[in-house]
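Coordinate analysis (summary)
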Amino acid sequence: MISLTAADGHRLAAYRTGPQKADRALVVVQEIFGVNRHMRHIADAFADQGYAVIAPALFDRVGPGIELGYDPADVAQGRELRGRIDAGHTVLDILAAAAALPRGVKRGIVGYCWGGTVAWHGATRTSAFSAASGWYGGGVAAAKDEVARCPVQLHFGETDASIPMTDVQAVRAAQPGVEIHVYPGAGHGFACDERGSYSAKDAALAQARTLDFFAKHL
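Notes on the structure follow. (Residues numbered from 1 in each chain as written. Predicted model: local features only at pLDDT ≥ 70, side-chain atom pairs only at ≥ 80, totals over all residues. Heavy atoms only, no water.)

**Side note on the pattern of salt bridges**
Enumeration over the complete set of coordinates arrives at nine salt bridges. For the salt bridge of Arg84 with Glu80, the shortest nitrogen-to-oxygen distance reads 3.6 Å. Under the relative-accessibility criterion, Arg84 is labelled exposed at 53%. A salt bridge links Lys201 to Asp202; the shortest N-O distance between them is 3.4 Å. Under the relative-accessibility criterion, Asp202 is labelled buried at 6%. One network of salt bridges, in which partners are shared, links Asp8, Arg61 and Asp93. (Salt bridge = Lys/Arg side-chain N within 4 Å of Asp/Glu carboxyl O. Buried < 20%, exposed > 50% of the residue type's maximum accessible area, 1.4 Å probe, protein only.)

**As for the packing of aromatic side chains**
The full count for this structure, using the stated rule, is 11 aromatic pairs. Ring geometry for Tyr51 and Phe214: centres 6.4 Å apart, planes at 65 degrees, overall edge-to-face. One end of the pair, Tyr51, is in the loop between helix 1 (37–48) and strand 4 (52–56); the other, Phe214, is in helix 6 (residues 200–217), with 163 residues separating them in the sequence. Classification of Tyr51 as buried rests on a relative accessible area of 1%. Cluster of aromatic residues (ring-pair linked, three or more members): Tyr112, Trp135, Tyr136, Tyr183 and Phe190. (Phe/Tyr/Trp six-rings, centres within 6.5 Å; stacked < 30°, edge-to-face > 60°. Helix = DSSP H or I, 4+ residues; strand = E, 2+ residues; numbered from the N terminus.)

**Some details on the side chain of His188**
Mapped onto the secondary structure, His188 falls in the loop between strand 8 (179–183) and helix 6. At 2.6 Å, the side chain of His188 and the side chain of Asp160 are in polar contact. Within the local environment of His188, its side chain forms a polar contact with the side chain of Ser162, the two groups lying 3.4 Å apart. Discounting chain neighbours no more than four positions away, the residues touching His188 are Cys113, Tyr136, Asp160, Ser162, Ile163, Arg195 and Ser197. (Polar contact = N/O pair within 3.5 Å; in protein donor to acceptor, adjacent residues only side chain to side chain. Contact = heavy atoms within 4.5 Å.)

**A look at the environment of Pro56**
Here Pro56 lies in strand 4. Among the residues examined, Pro56 registers a relative accessible area of 0% and is labelled buried. Separated by 124 residues in the primary sequence, Pro56 and Ile180 have C-alpha atoms spaced 25 Å apart. Sequence-distant contacts of Pro56, defined by excluding residues within four places in its chain, comprise Leu4, Leu12, Ala13, Ala14, Val27, Val28, Gln30, Val35, Asp93, Ile94 and Ala97.

**Observations regarding the environment of Ser197**
Secondary-structure assignment places Ser197 in the loop between strand 8 and helix 6. Residue classification places Ser197 among the partly exposed residues on the basis of a relative accessible area of 26%. Put simply, Ser197 and Phe59 are 138 residues apart on the chain and 24 Å apart in space, counted from C-alpha to C-alpha. Excluding residues within four positions of it along the chain, Ser197 makes contact with His188, Gly189 and Phe190. A polar contact is formed between the side chain of Ser197 and the backbone oxygen of His188, at a distance of 2.6 Å.

**Structural notes on the pairing of strand 4**
Most of strand 4 sits out of view: five of its five residues are buried. As paired elements, strand 2 (residues 11–17) and strand 4 share four bridges and run antiparallel to each other. Bridge pairing in strand 4 links Arg16 to Ile54. Pairing between strand 3 (residues 24–29) and strand 4: three bridges, direction parallel. The residue bridging Val27 from the neighbouring strand is Ile54, located in strand 4. Between strand 3 and its parallel partner strand 4, the chain crosses via helix 1, and the hand of that crossover is right-handed. (Pairing = 2+ DSSP bridges. Right-handed = clockwise from strand over helix to strand, strands pointing away.)

**Notes on the nonpolar core**
Grouped burial of nonpolar side chains is what soluble globular proteins tend to show. By size, the foremost hydrophobic cluster in this structure holds 77 residues, and its most contacted members are Val27, Val28, Phe46 and Tyr112. Setting aside residues up to four positions removed in sequence, Val27 forms contacts with Ile54, Pro56, Ile94, Ala97, Ala98, Leu101, Gly108, Ile109, Val110 and Phe129. (Core = buried A, V, L, I, M, F, W, Y, C linked by side-chain atoms within 4.5 Å.)

Here it is in structure tokens:
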């Protein structure tokens, strides 16, 4: 774990992994459960592919060291915590993470759940990234008319109870240049092997597509 300082002076923790002399780098953005074991595993998986990775602890805006599990009480707590954090502050935090990556290399951003929306904001509200991949970001539809400043790839589960297909269709209509993948039968959080919605085949396919996307643009 390292410490970052955002532009507004807020100090936050972040998980850093991967080779620090890498020629490509990623900001990995958490779900509503903090930079917990699952998110660290995701970061490490990208590090194993040669990426320098930083995963900022967005919940530090509320309190330090928050890591949640996946039972209903934790889901409710995660939603409550997320609701207390302004989207403008998450942008400052991902920019702080991007600035801490190795200098002079192309930077991407990938996020999951809440982080999928934050990754979209990273593409539309900053110029820090050369590519963005968002997985089941429930807030993307609400910001569907924002203009991306880098290539974007989005992943959605067809049976996601929190992201209806009408939202995905709206994003697709508003963003014809964005690469969008829908996984038949997959639900929300299908990449998390600690949740009942985990789908190994869909997670593997989405990860392969994400790696190909970043290999092309980073």
